[in-house]
Amino acid sequence: MALLTLSSPHTHGPNRTGRLMLTVALATLPALAVMTVFFGYGTLINVVLASLVAVASEALMLTLRKRPVMFFLRDNTALVTGVLLGLALPPFAPWWITVLATAFCIIFAKHLYGGMGNNPFNPAMIGYALVLVSFPVQMTTNWALSFQMSGHDVLPLFDTLKTIFTHSGLVDGYSGATPLDDYKHLISTETANSLLQKATFNGWLNGGWEWVNLAFMAGGLFLMFKRIITWHIPVSLLIALSTCSLVFGWDADMYTPLSLHLLSGATMLGAFFIATDPVSASTTPRGKLIYGAGIGILLYVIRTWGAYPDAVAFAVLLMNFAAPFIDAYTQPRTYGHKKARRGLTAKD
């Protein structure tokens, strides 16, 4: 009698890549809605533009590589890359920053490594790091102030489009530094009590950043519930970041407090959506814990003593380097074997 032999993984239609990636994109919508309400239309425009450029760049590379275009576009990986990159970029960043970062991450960080599943680094963070290092002024001076921080309504849609595509719109009073950036550079000349009374913080943390991060956390918990990601990386990342902040940053008159580290900047976006990239992250259970903790430690170190107030991209990319090494030494024991095969020279 002939036996049917099938290779793993044994997945079914509802779990195919396109559906999973679309679910990831949908999980970012609550945070995108909160960002639009508090900070205006800039991030929404960036997400739409980056998604269109990502899909177009993907189609171009697939055509040049003579691959079936529609078949690979349906996996929605390019769409997710564009969405995550658009969420990470400053709301008032010039349009060419978004186009350059998105095209670079799809063409160079993804397809030149062989396409989906072959890239060793997170494509969205490669694109973000490129423009951050190459155009620091545009990437650090175009963050939007919320209506709470600016004292007036968010910039209208038409004016936002004019600002992004011609950079001649009225942005005075609508743009400024993020809370992380403000605190890091002003704490050397002020006390924590006086600094936290400013409009950016209003006694604790104002400006909508806390709600943005909580919305990203809600989206991440939804992905956990759907078993698209596991708890290991986000939990270990947040615990490591919190531990570093409590140990080294206990004095708020010298270092950024824990509340700002957790609920400002791209912390929750990084923990639940960026660091959990299934291709470039660690894959073993123990490896995920080490990988996430490494990102959390690097995040605190770069934010506190480095040149950048928010360091999610650099922390993730540095740990992408280490992910294969971590996986090699954290392989679980195979069923039926006494010892796990670990190390770079492990033998059968």
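Note that the structure is a prediction, hence the values are computed from the model and not measured.

Novice: Describe the overall build of the protein, with residues and values.
Specialist: Looking only at helices and strands, the protein features 18 helices and zero strands. For the protein, with 348 residues in total, the buried portion stands at 51%. Of the contacts formed within the protein by residues at least 6 apart in sequence, a portion of 74% connects residues at least 24 apart. Total accessible area on the protein stands at roughly 17100 Å², and carbon and sulfur atoms take up 66% of it.

Novice: Which residues make up the side chain of Asp-277, and what values do they have?
Specialist: Summarising the element assignment, Asp-277 is placed in the loop between helix H16 (267-274) and helix H17 (285-305). Aside from chain neighbours lying at most four places away, what touches Asp-277 is Asn-119, Asn-122 and Pro-123.

Novice: Give a description of the packing of aromatic side chains that names residues and reports values.
Specialist: Using the criterion set out here, one finds 14 aromatic pairs in the structure. Where Phe-39 meets Trp-209, the ring centres are 5.0 Å apart and the plane angle is 55 degrees; that geometry is what we call tilted. On the criterion of sequence distance, the pair formed by Phe-39 in helix H2 (residues 29-39) and Trp-209 in helix H13 (residues 209-225) is long-range, its members being 170 residues apart. The burial state of Phe-39 is the same as that of Trp-209; both residues are buried. In this structure an aromatic cluster arises from ring pairing among Phe-248, Tyr-255, Tyr-300 and Trp-305.

Novice: Give me the pattern of salt bridges: which residues, what numbers.
Specialist: Scanning the model with the defined rule gives two salt bridges in all. With its nearest N and O atoms 3.0 Å apart, the salt bridge here joins Lys-110 to Glu-58. Taken together, the positions of Lys-110 in the loop between helix H6 (95-107) and helix H7 (123-134) and Glu-58 in helix H3 (residues 42-64) put the pair 52 residues apart, joining distant regions of the chain. In terms of burial, Lys-110 and Glu-58 fall into one category: buried. For the salt bridge of Arg-303 with Asp-310, the shortest nitrogen-to-oxygen distance reads 3.0 Å.

Novice: Help me get a handle on the nonpolar core, residues and values and all.
Specialist: The biggest cluster of nonpolar side chains holds 77 residues, and the ones touching the most others in it are Met-125, Tyr-128, Phe-216, Leu-269, Phe-273 and Tyr-291. Contacts of Tyr-128, omitting those with residues within four sequence positions, involve Leu-85, Ala-88, Leu-89, Met-139, Trp-143 and Ala-313. Listed in part, the seven residues of the second largest apolar core include Leu-180, Ala-192, Leu-196 and Leu-260.

Novice: Which residues make up H2, and what values go with them?
Specialist: Ala-31, Leu-32, Val-34, Met-35, Thr-36, Phe-38 and Phe-39 are the residues of H2 that are buried. In the segment just after H2, Gly-40 is the residue with positive phi, at about 100 degrees.

Novice: Go over the packing of H2 against H3 with me, naming the residues and quoting the values.
Specialist: One can describe the packing of H2 onto H3 by two numbers: an axis separation of 7 Å at closest approach and a directional angle of 135 degrees. When the interaxial angle is binned, H2 and H3 end up oblique. Contacts from Leu-32, Met-35 and Thr-36 in H2 reach Thr-43, Leu-44 and Val-47 in H3. Class assignment for the residues of the contact of H2 with H3 results in four nonpolar, two polar and no charged.

Novice: Lay out the packing of H3 against H6 in plain terms, naming residues and giving numbers.
Specialist: Viewed as axis vectors pointing N to C, H3 and H6 meet at an angle of 35 degrees, and their least axial separation amounts to 9 Å. By crossing handedness, the relation of H3 to H6 is classed as right-handed. In this structure, H3 uses Asn-46, Leu-49, Ala-50, Val-53, Ala-54, Ser-57, Glu-58 and Met-61 to contact H6, whose residues at the interface are Trp-95, Thr-98, Val-99, Thr-102, Ala-103, Ile-106 and Ile-107.

Novice: Help me get a handle on helix H11 (residues 179-186), residues and values and all.
Specialist: Those residues of H11 not exposed but buried are Pro-179, Leu-180, Asp-181, Tyr-183 and Lys-184. Each element contacted by the buried residues of H11 is listed here: helix H12 (192-195), H13, helix H15 (258-263) and H17.

Novice: Quick rundown of the confidence of the model for the protein? Include the residues and the values.
Specialist: For the protein, per-residue confidence averages 87 on the pLDDT scale, and residues scoring 70 or more make up 86% of the total. Looking over the protein, one finds the lowest element-wise mean pLDDT in helix H9 (residues 147-150), namely 70, and the highest in H6, namely 97. Between residues 4-8, whose pLDDT stays under 50, and residues either more than four places distant or in other chains, the model counts zero contacts.

Novice: Got a sec to walk through unusual backbone geometry? Specific residues and values, please.
Specialist: One non-glycine residue, Lys-66, lies in the positive phi region at around 60 degrees. Counting through the fold element by element, Lys-66 comes out in the loop between H3 and helix H4 (69-73). Backbone geometry at Arg-227 places phi at a positive 60 degrees, although glycine is not the residue there. Relative to the helices and strands, Arg-227 resides in the loop between H13 and helix H14 (232-248).

Rules behind the numbers
- Residues numbered from 1 in each chain as written.
- Predicted model: local features only at pLDDT ≥ 70, side-chain atom pairs only at ≥ 80, totals over all residues.
- Heavy atoms only, no water.
- Helix = DSSP H or I, 4+ residues; strand = E, 2+ residues; numbered from the N terminus.
- Buried < 20%, exposed > 50% of the residue type's maximum accessible area, 1.4 Å probe, protein only.
- Contact = heavy atoms within 4.5 Å.
- Areas by Shrake-Rupley, 256 points an atom, 1.4 Å probe, with all protein chains shown as cover.
- Phe/Tyr/Trp six-rings, centres within 6.5 Å; stacked < 30°, edge-to-face > 60°.
- Salt bridge = Lys/Arg side-chain N within 4 Å of Asp/Glu carboxyl O.
- Core = buried A, V, L, I, M, F, W, Y, C linked by side-chain atoms within 4.5 Å.
- Axes fitted to C-alpha atoms, helices over the stretch in contact; angles between N-to-C directions.
- Parallel < 35°, antiparallel > 145°, perpendicular 65-115°, else oblique.
- Nonpolar A, V, L, I, M, F, W, Y, C, P; charged D, E, K, R; others polar.
- Left-handed = near helix turned anticlockwise from the far one by under 90°.
- pLDDT = per-residue confidence, 0-100.

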